[in-house]
Structure formats: structure tokens, C-alpha cells
Amino acid sequence: MPVPVLSAEIEAKALAGRTVPGHVRLELLPGEIVAVVGPSGCGKTTLLRILAGLDTDYSGQVFAAGAALRRPDPLRVGVMFQEPRLLPWLRVADNVTLGARAPIAARERAQSLLAEVGLGGDADALPRTLSGGMAQRVALARAMFSEPAVLLLDEPFSAVDAIARARLRDLVAAVARRHGVAVLMVSHDGEDAVTLAGRVLVMASSPGRIRREIVVPSPGRQSAAGQGEAALEDAVLSALAARGATLPPNAAAP
Ligand SMILES: Nc1ncnc2c1ncn2[C@@H]1O[C@H](COP(=O)(O)OP(=O)(O)OP(=O)(O)O)[C@@H](O)[C@H]1O
Ligand SMILES: [Mg+2]
């Protein structure tokens, strides 16, 4: 049995008088891609912030790459958010290498990661000249810069158009495969979840906890390619609907 690269036992997180999320236990194996879906407000982002070491005010424990995680550590856990969060005054390559100690080696590594995400010619561009999808690809390169064992993604495709979304999804899958990084992706979208992930964890809203785990038999294929995946997507969405969850339009569309 492989040793999990991320394991978390969160007993509770108190947030503005509520418990969000509630008791959550999860494990991520090396190289595995897992999606977390759930209705708005159930605590997905809060959970991700805890798993990233960005929020330590909870009861429970997170272990990443064999040691307790008590603060952000990009060498163990990389994070990519819904919006790219690039520093506008820094060129693309400098956004990727941010904080690196050995500038020349860092620049080479940034260049290679940028080429991987299809931005090999944009190292010297400023963020304002990039499209939303390109900026997210820079954010992906930045998250992978320290070669983390775990990559956490919080709705990484939701702010871009459909074409950029499909491209980003493929890129995340390719980068995960090439680097062997384990990925935990929060999503509102059943199709994103079943296309990318080998397991989908469905969160319930009150209190935020994992109510169901769906194993996806053959992740990595395009979702339109097989009816099996459409059925799984339905299962994810039905599980949410059973909780009376109001889904955003992209997730509710047939
Ligand atoms: N800093 C905060 N202070 C108080 N309440 C907060 C804070 N951050 C989040 N919350 C509340 O905690 C709950 C969980 O928030 P969270 O952002 O984790 O949900 P989510 O599942 O990511 O939602 P969404 O799908 O809309 O992104 C929500 O009810 C939210 O209003
Ligand atoms: Mg969120």
C-alpha cells in the first residue's frame, strides 16, 4: 500500500459562529488526482486553505510529504487559486520564480515550465498583456516551480472561457503526469471533476463534510468520449441535488 503524500484529519474549523468544514478525513496518494465538489459555502476553500498551511486555526492535523504542515510550504504543497494572483509589476518569468534563491537556475527552470504550459515565448511579458487563460497557465507554472509533492487547485478553471478551460484542464492532467505530483482540485463542475480525477469527494453543506466518494474508472479521457463518465457526472450532480444544493449554471447544465 503506497504511503499517502497528503493526509488530513480535520475535526472542526470554527468560522463566524459556524463549523465549516466539520469533520473531514482525506488522503491523497502520490500522483493521484482527486476532486472535491460541493455546494457554495460548504467549506471547500476553507478546507483547501487548511491543507495548504494557510489557515492553522482549526482542530486536527495535516501531514504533507511525511511531516506535519503548520505553515505554507511551497516545496511540499503548491497552490493555484481561482484567479491567477500575479504581481502586475513583475514579468511572467519573475512571477514564476518569485522568491527563488538561485536566479540563473531559477530562470531556466521557469522557462522550461512556461514552455510546458505553452508560454515559452512569453517569459518577458507583463501580466496585463495576458488573457485570463494564459495568466492561469502562469499560475500553474508558479505553483509547480518548487516541484511540490502536492498541488492544490481551488476552482482553477472557473474564471476562463470554455476553450481556455478545456486547455487548462488538459494541461493540469499533463503536468500532473509528467511531474508525478498529487493533485487535489476543488470544483463546482461535475465534468471537470470526472474528466481529471480518479476519485471525486462530494461534500455536504451542513456541516461541511465528505458525504460520498465516487471512484472514476478511467480518468483522463475527454468527458464527451464515453457515456460512463456522463453517468458518473450525473451521480455527482444528483448527490449534490439530494442535499437541496443550488448549483451554479455551469454545473446544472445538461
Ligand atoms: N474569513 C471568513 N470569515 C467568516 N466567514 C467566512 C470566512 N471565510 C469564509 N466564511 C464562510 O464560511 C463558509 C465556507 O466558506 P468557503 O469559502 O470555504 O466555501 P466554499 O465551499 O469554498 O464556497 P464557494 O463554492 O462559493 O467557493 C461560508 O459560509 C463563508 O461565508
Ligand atoms: Mg470556494
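Just so it is clear, the structure is predicted and the values come from calculations on it, not from any experiment.

1. Focus on the nonpolar core
Okay, so step 1: With 50 residues, the main nonpolar core has Leu-114, Leu-140, Leu-151, Val-183 and Val-200 as its most contacted residues.
Okay, so step 2: Those residues in contact with Val-200, other than ones at most four positions away along the chain, are Ala-35, Val-37, Ala-193, Val-194, Arg-212, Glu-213, Ile-214, Val-216 and Val-236.
Okay, so step 3: Listed in part, the 29 residues of the second largest apolar core include Val-24, Val-36, Leu-48 and Met-203.

2. Side note on the sheet that holds strand S12 (residues 209-215)
Okay, so step 1: Within the open sheet, the six strands sit side by side as S8-S9-S10-S5-S11-S12. Their pairing is mixed. Each having just a single partner strand, strand S8 (77-80) and S12 make up the two edges of the open sheet. Neighbouring strand axes in the sheet, compared pairwise and without regard to direction, differ in orientation by 20 degrees on average.
Okay, so step 2: Pairing geometry for strand S11 (residues 199-204) and S12, over six bridges, is antiparallel. The partner of Leu-201 across the bridge, within S12, is Glu-213.

3. Overview of the sheet that holds strand S1 (residues 6-12)
Okay, so step 1: Spatially, the four strands line up as an open sheet ordered S4-S1-S6-S7, and their pairing is antiparallel. Strands with a single pairing partner mark the edges of an open sheet, and in this sheet they are strand S4 (24-28) and strand S7 (67-68).
Okay, so step 2: Relative to S7, strand S6 (residues 59-64) runs antiparallel, the two sharing two bridges. In the sheet register, Ala-64 faces S7, and the bridge partner there is Ala-67.
Okay, so step 3: Each of S1, S4 and S6 touches helix H1 (residues 44-51); the most contacted strand, S1, lies at about 125 degrees to it.

4. Remarks on the pairing of S1
Okay, so step 1: Here S1 pairs with S4 via five bridges, running antiparallel. When the bridges of S4 are listed, Glu-9 appears paired with Arg-25.
Okay, so step 2: Of the pairings in the sheet, the one linking S1 to S6 comprises six bridges and is antiparallel in character. From the neighbouring strand, Ala-8 faces S6, where its bridge partner is Val-62.

5. Quick word on helix H3 (residues 103-116)
Okay, so step 1: Look at H3: 20 Å from first C-alpha to last across 14 residues, which is about the 20 Å you get at 1.5 Å a residue.
Okay, so step 2: Those residues of H3 lying buried are Ala-106, Ala-110, Leu-113, Leu-114 and Glu-116. For H3, the angular spread of buried residues about the axis comes to 145 degrees, placing them on one side. Facing away from the buried side of H3, by more than 90 degrees, are the exposed residues Ile-104 and Glu-108.
Okay, so step 3: Residues of H3 that are buried in the fold lie against helix H2 (92-97), helix H4 (132-144) and helix H5 (162-179).

6. What about the site of ligand 1?
Okay, so step 1: Near ligand 1 you find 14 residues, and of these Arg-18, Ser-40, Gly-41, Lys-44 and Thr-46 are the closest.
Okay, so step 2: Within the side chain of Thr-46, one N or O atom sits 2.5 Å away from an oxygen atom of ligand 1.
Okay, so step 3: Between His-188 and ligand 1, the recorded distance is 3.2 Å, taken from a side-chain N or O atom to an oxygen atom.
Okay, so step 4: Protein chains shield 58% of the accessible area of ligand 1, which is 640 Å² for the free molecule.
Okay, so step 5: The greatest single-element share of the shell around ligand 1, amounting to three residues, is contributed by H1.
Okay, so step 6: Residues that form the shell around ligand 1 fall into these classes: five nonpolar, six polar and three charged.

7. Looking at the pattern of salt bridges
Okay, so step 1: Throughout the structure, instances matching the rule amount to 13 salt bridges.
Okay, so step 2: Here Arg-199 and Glu-32 are joined by a salt bridge, their closest N and O atoms 2.8 Å apart. Here Arg-199, found in strand S11, pairs with Glu-32, found in the loop between S4 and strand S5 (33-37); they are 167 residues apart in sequence, far enough to count as distant.
Okay, so step 3: The class of Arg-199 is buried, set by a relative accessible area of 15%.
Okay, so step 4: Judged by its relative accessible area of 17%, Glu-32 is buried.
Okay, so step 5: The salt bridge partner of Arg-165 is Asp-192, with a shortest N-O separation of 2.7 Å. You can see Arg-165 sitting in helix H5 and its partner Asp-192 sitting in helix H6 (residues 190-196), a full 27 residues away along the chain. Each member of the pair Arg-165 and Asp-192 is classed as buried.
Okay, so step 6: Each of Arg-165, Arg-169, Asp-189, Glu-191 and Asp-192 takes part in one network of salt bridges that share partners.

The rules behind these values
Residues numbered from 1 in each chain as written. Chains lettered and ligands numbered in written order. Predicted model: local features only at pLDDT ≥ 70, side-chain atom pairs only at ≥ 80, totals over all residues. Heavy atoms only, no water. Core = buried A, V, L, I, M, F, W, Y, C linked by side-chain atoms within 4.5 Å. Buried < 20%, exposed > 50% of the residue type's maximum accessible area, 1.4 Å probe, protein only. Contact = heavy atoms within 4.5 Å. Pairing = 2+ DSSP bridges. Helix = DSSP H or I, 4+ residues; strand = E, 2+ residues; numbered from the N terminus. Axes fitted to C-alpha atoms, helices over the stretch in contact; angles between N-to-C directions. Expected span 1.5 Å × (residues − 1). Arc of directions from axis to C-beta. Near = heavy atom within 4 Å. Polar contact = N/O pair within 3.5 Å; in protein donor to acceptor, adjacent residues only side chain to side chain. Areas by Shrake-Rupley, 256 points an atom, 1.4 Å probe, with all protein chains shown as cover. Nonpolar A, V, L, I, M, F, W, Y, C, P; charged D, E, K, R; others polar. Salt bridge = Lys/Arg side-chain N within 4 Å of Asp/Glu carboxyl O.

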